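Geometric and topological summary
Single-letter residue listing:
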Amino acid sequence: MRYISTRGQAPALNFEDVLLTGLATDGGLYVPENLPHFTQEEIASWAGLPYHELAFNVMRPFVAGSISDADFKRILKETYGVFAHEAIAPLRQLGANEWVLELFHGPTLAFKDFALQLLGRLLDHFLLKRGERVVIMGATSGDTGSAAIEGCKHCENVDIFILHPHNRVSEVQRRQMTTIKGDNIHNIAVEGNFDDCQEMVKNSFADQGFLKGTRLVAVNSINWARIMAQIVYYFHASLQLGGPARSMAFSVPTGNFGDIFAGYLARNMGLPISQLIVATNRNDILHRFMSGNRYAKDTLHPSLSPSMDIMVSSNFERLLFDMHGRNGPAVAELMSEFRKTGLLSVEDERWTETRRLFDSLAVDDDATCSTITDVYRATGELLDPHTAIGVRAARECRRSMSLPMITLGTAHPVKFPEAVIKAEVDVEPVLPAHLKDLFERDERFTVLANELHEVQSFVAQHGNRGKPL
Ligand SMILES: Cc1ncc(COP(=O)(O)O)c(C=O)c1O
Ligand SMILES: N[C@@H](CCOP(=O)(O)O)C(=O)O
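Rules used in this analysis
- Residues numbered from 1 in each chain as written.
- Chains lettered and ligands numbered in written order.
- Predicted model: local features only at pLDDT ≥ 70, side-chain atom pairs only at ≥ 80, totals over all residues.
- Heavy atoms only, no water.
- UniProt positions renumbered as here; feature names shortened; annotations may be inferred.
- Near = heavy atom within 4 Å.
- Polar contact = N/O pair within 3.5 Å; in protein donor to acceptor, adjacent residues only side chain to side chain.
- Nonpolar A, V, L, I, M, F, W, Y, C, P; charged D, E, K, R; others polar.
- Pairing = 2+ DSSP bridges.
- Helix = DSSP H or I, 4+ residues; strand = E, 2+ residues; numbered from the N terminus.
- Axes fitted to C-alpha atoms, helices over the stretch in contact; angles between N-to-C directions.
- Contact = heavy atoms within 4.5 Å.
- Expected span 1.5 Å × (residues − 1).
- Buried < 20%, exposed > 50% of the residue type's maximum accessible area, 1.4 Å probe, protein only.
- Lys, Arg positive; Asp, Glu negative; His and termini not counted.
- Salt bridge = Lys/Arg side-chain N within 4 Å of Asp/Glu carboxyl O.
- Core = buried A, V, L, I, M, F, W, Y, C linked by side-chain atoms within 4.5 Å.
- Areas by Shrake-Rupley, 256 points an atom, 1.4 Å probe, with all protein chains shown as cover.

Named according to an unreviewed UniProt entry, the chain is Threonine synthase originating from Halopseudomonas salina. In its Sequence similarities (unreviewed entry) section, UniProt records this for the chain: "Belongs to the threonine synthase family." Quoted verbatim from the Catalytic activity (unreviewed entry) heading of the UniProt record, the comment on the chain is "O-phospho-L-homoserine + H2O = L-threonine + phosphate".

Shown next as structure tokens:
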């Protein structure tokens, strides 16, 4: 499988090289040159498979030529062996044809574990083979950071730097990142917001001189391997509810557009999906695009769903690429316009065509909390605020009551006590056994100004197991 850039000017790469990078050299994002397509019979024959075997079938075409089947199977078995629920991603019924797909049974209690447990193991596999050391830089609004550290903490050839917005992640999220020990783990609290952190990571890919020749790798969803692993659970959910014989709708709490883009790809690979709902919080750039064809930058506001406090949404570029007939130069022009003006719209026909599949809703904090309350009282299921946004959007945007509507349950409520308290439910979520003493553990992080050169010189000073590069 070869991967090409959404801006059309970077060299095509194989899976191994695409894993070991982030942005393409032209500033674009890598996507498969040709998407694999499965027949309905093939998909149906996967019903009842254990999650890791299903994952092998879905992802095999993407890694073909870079890793042997035996190694990939072993890695997948190990990856999903660390999840705490037997079903890996169980479905919970909320109402008539209404479901939540619980994606928070991995080690850090968010959907990010599905891809980042795999990514850490794949990095280890390829870096050991190459005898190479790399630096990882990642930006987090709370969940990617801990999942990436947890996934990579045992990697021998990796130094990982995670940038989070200072005082803008929940305390549980921060502690999950800052209490993991290791001289190759570095947490930076940036005096800015998530977009600032993400911009620094992207700028670091553009100019890597500060790394003195060490390769830079991404753990955010700009890395293709993240999206690839997230495609699998759409197949898993559908197969449990009668797919592919029947079509489904999915509602996806959205920030960087990675998780919902994975659903879009699952559909293009042959899985019958008739509706995808983009569910945002008040940071609603994606909702404004889907509802009115205006992708316009705005001020980023803190919310009760901090992981989705994102304005510039990385993977939207991957959708734009498809919307423009995979025309790299056209996407490069649009992105350059967006960089200059903070505004992007597409031709009416392209937007109308996109809207045939996608709907959207922005949900504010009050509606988020009232959804947590309503669902808890009706079903006993305690939603985290991100999942609550998905459920609210599912209920308001649903096109058909006769098709299963599945909301992705992206995080465990224990990570976001503020929203749970505001929802006034008579239950307090508890940390699982492996995190029980989280509040007693020592934290280690460095606060840095919102300045690229400060962050880059910190990386250069500590990038070799705490020593200078
Ligand atoms: C809990 C949670 N829900 C939803 C999202 C949104 O996912 P995406 O950025 O892939 O759209 C994130 C992070 O981005 C998250 O951490
Ligand atoms: N919500 C994320 C933000 C980063 O998104 P990613 O999927 O691109 O890594 C987080 O929790 O860090």
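There is more to say after this.
Some words on the site of ligand 1
If you check the shell around ligand 1, you find 15 residues, and the closest are D143, G255, N256, D259 and T410. A distance of 2.6 Å separates an oxygen atom of ligand 1 from a polar atom in the side chain of D143. G258 is positioned such that a nitrogen or oxygen atom in its backbone is 3.2 Å from an oxygen atom of ligand 1. Each residue belonging to the shell around ligand 1 can be placed in one class, and the counts come to 5 nonpolar, 7 polar and 3 charged.

Here's the deal with the sheet that holds strand β7 (residues 158-165)
Pairing between sheet strands relies on hydrogen bonds along the backbone, with the strands arranged either parallel or antiparallel. Strand order in the open sheet made by the 5 strands is β9-β6-β7-β8-β16, with parallel pairing throughout. Two strands bound the open sheet, and with one partner strand each, they are β9 (215-218) and β16 (446-448). On average, adjacent strands in this sheet sit at an angle of 30° to one another, irrespective of strand direction. Relative to β16, strand β8 (residues 185-190) runs parallel, the two sharing 3 bridges. Along β16, the bridge assignment pairs I188 with T446. Across the sheet, helix α8 (residues 194-206) is in contact with β6 (134-139), β7, β8 and β9; its angle to β6 comes to roughly 150°. Each of β6, β7, β8 and β16 is contacted by helix α18 (residues 452-462), which is oriented at about 155° to β7, the strand it contacts most.

Overview of α8
Given a rise of 1.5 Å per residue, 13 residues ought to cover 18 Å, and the 19 Å separating the end C-alpha atoms of α8 matches this to within 8%. Looking at α8, one finds that the buried residues are F194, D195, C197, Q198, M200, V201, K202, S204 and F205. On its buried face, α8 sits against β6, β7, β8, β9 and α18. Its side-chain oxygen 3.0 Å from the backbone nitrogen of D195, N193 forms the N-cap of α8.

With respect to the side chain of K112
With respect to the helices and strands, the residue K112 is situated in helix α5 (residues 112-130). Within the buried set, K112 has no salt-bridge partner at all; the shortest N-O distance to an opposite charge, 6.1 Å, is to D143. A distance of 3.2 Å separates polar atoms of two side chains, one belonging to K112 and the other to T144. The contact partners of K112, leaving out residues within four places of it in the chain, are D143, T144, A147 and R226.

Some remarks on unusual backbone geometry
Here G243 and P244 are connected by a cis peptide whose omega angle stands at 0°. Positioned with a positive phi, N293 is a non-glycine residue whose angle comes to about 60°. Relative to the assigned elements, N293 resides in the loop between α11 (285-292) and β12 (295-296).

Quick look at the pairing of strand β1 (residues 2-5)
For a regular strand, side-chain orientation follows a simple rule: the groups alternate between the two sheet faces. Of the two faces of β1, the one lined by Y3 and S5 is fully buried and the one lined by R2 and I4 carries no buried residue. As paired elements, β1 and strand β2 (residues 13-14) share 2 bridges and run antiparallel to each other. Residue Y3 lies in a different strand from β2, and its bridge partner there is L13. Here β1 pairs with strand β3 (residues 30-32) via 3 bridges, running antiparallel. Considered in β3, the bridge of S5 is made with Y30.

A short note on the packing of helix α10 (residues 258-268) against helix α12 (residues 316-323)
It is at 10 Å that the axes of α10 and α12 come closest, and there the two elements cross at 35°. Along its contact with α10, which presents F261, Y264 and N268, the element α12 presents R318, L319 and D322. Along the lines of polarity and charge, the residues of the contact of α10 with α12 split into 3 nonpolar, 1 polar and 2 charged.

Remarks on the nonpolar core
For soluble globular proteins, the rule of thumb is that nonpolar side chains tend to be buried together. If you look at the biggest cluster of nonpolar residues, it comprises 110 residues, and the most contacted ones within it are F15 and F235. A total of 12 residues in this core trace back to one element, the largest contributor, which is helix α9 (residues 224-240). Those residues in contact with F15 that lie beyond four places of it in its chain are M1, Y3, F62, V63, S66, L122, F126, W224, A225 and M228. In this structure, V135, L163, A218 and L448 belong to the second largest nonpolar core, which totals 24 residues.

A word on the UniProt feature "domain: Tryptophan synthase beta chain-like PALP" (unreviewed entry) in the chain
Taking the numbering used here, the UniProt-annotated feature "domain: Tryptophan synthase beta chain-like PALP" (unreviewed entry) corresponds to residues 92-326. Annotated as 40% helix and 21% strand, the span residues 92-326 places its first and last C-alpha atoms 37 Å apart.

Here we look at the site of ligand 2
Taken together, the neighbourhood of ligand 2 is formed by 13 residues, with T140, D143, T144, N220 and S221 sitting nearest. Coverage of ligand 2 by the protein chains reaches 95% of its 340 Å² of free accessible surface. Looking at the shell around ligand 2 residue by residue, the class counts come to 2 nonpolar, 8 polar and 3 charged.

A closer look at the sheet that holds β3
With respect to topology, 3 strands assemble into an open sheet ordered β2-β1-β3, the strand pairing being antiparallel. The open sheet has two edge strands with one neighbour each: β2 and β3.

Here's the deal with the environment of K73
Among the structural elements, K73 can be located in helix α4 (residues 69-81). Judged by relative accessible area, K73 falls into the partly exposed class, the value being 46%. Along the backbone, K73 and E53 are 20 residues apart, and their C-alpha atoms lie at a distance of 7.5 Å.

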